[in-house]
Amino acid sequence: MSNARLSAKPADRTLVGIAARIVTKNYPDDPESRLDEPGRFRVNIHVGGDRAPQIVDDEASAADPDVFVWHPLYGGAGWVSVVNPAESTSEKVISLLHDAHEAARARASRRSGTS
């Protein structure tokens, strides 16, 4: 556990339990998905290191739409991404979002001592 997590104030801990995120623009260290192009967005989902290899398409690039790829920065930590989810990925995205949310709730419950 990092010192930042240990010393964080309770209000700062909201990011610790993030399960998913929608990104609508490029960041300086993350331009690969070409999110600055009109109509593009990316859904990032934490699925865990064991599950991610079963989901991603290793042949796809980070810019390919409607296909699961390793998150450009956090893939090694069990995050997957999909640009513009559509017919091929939408049902799986919804299922993975549900699973990620439940896992984050369980972690938060364990940390707070409630069940």
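Residues numbered from 1 in each chain as written. Predicted model: local features only at pLDDT ≥ 70, side-chain atom pairs only at ≥ 80, totals over all residues. Heavy atoms only, no water.

Q: Is there a simple way to explain the overall build of the protein in this structure?
A: Within the protein one finds three helices and four strands. Its helices and strands in sequence order give the protein the pattern α-β-β-α-β-β-α, from N to C terminus. For the protein, the proportion of its 115 residues judged to be buried stands at 34%. Considering only contacts in the protein between residues 6 or more positions apart, those separated by 24 or more positions represent 50%. Here the protein has roughly 7400 Å² of accessible surface; of this, 52% comes from carbon and sulfur atoms. (Helix = DSSP H or I, 4+ residues; strand = E, 2+ residues; numbered from the N terminus. Buried < 20%, exposed > 50% of the residue type's maximum accessible area, 1.4 Å probe, protein only. Contact = heavy atoms within 4.5 Å. Areas by Shrake-Rupley, 256 points an atom, 1.4 Å probe, with all protein chains shown as cover.)

Q: How do you make sense of the pattern of salt bridges when you look at a structure like this?
A: Oppositely charged side chains can form a pair if their charged atoms are brought close together. All chains considered together, the criterion is met by four salt bridges. In this structure, D30 engages R42 in a salt bridge whose closest nitrogen and oxygen atoms are separated by 2.8 Å. Taken together, the residues D30 in the loop between β1 (20-23) and β2 (42-46) and R42 in strand β2 connect sequence positions twelve residues apart. Take D30 and R42: they sit in the same class, and that class is buried. A salt bridge links D99 to R51, with the nearest nitrogen and oxygen atoms 3.0 Å apart. Residue D99 is located in helix α3 (residues 90-112), and its partner R51 is located in the loop between β2 and α2 (52-55); the two are separated by 48 residues in the primary sequence. (Salt bridge = Lys/Arg side-chain N within 4 Å of Asp/Glu carboxyl O.)

Q: Which parts of the structure should I look at to understand the nonpolar core?
A: Soluble globular proteins: nonpolar side chains tend toward being buried together. Formed by 14 residues in total, the largest nonpolar core has its most connected members in I45, V47, F68, V80, V93 and L96. At the level of secondary structure, the elements contributing two or more residues to this core comprise β2, α2, β4 (79-83) and α3. With four residues, the single largest contributor to this core is α3. (Core = buried A, V, L, I, M, F, W, Y, C linked by side-chain atoms within 4.5 Å.)

Q: I keep staring at the side chain of D30 and nothing clicks. Help me out?
A: Accessibility expressed as a relative area gives 5% for D30, which makes it buried. Those residues within four positions of D30 in sequence are excluded, and the remaining contacts are R42, P72 and L73.

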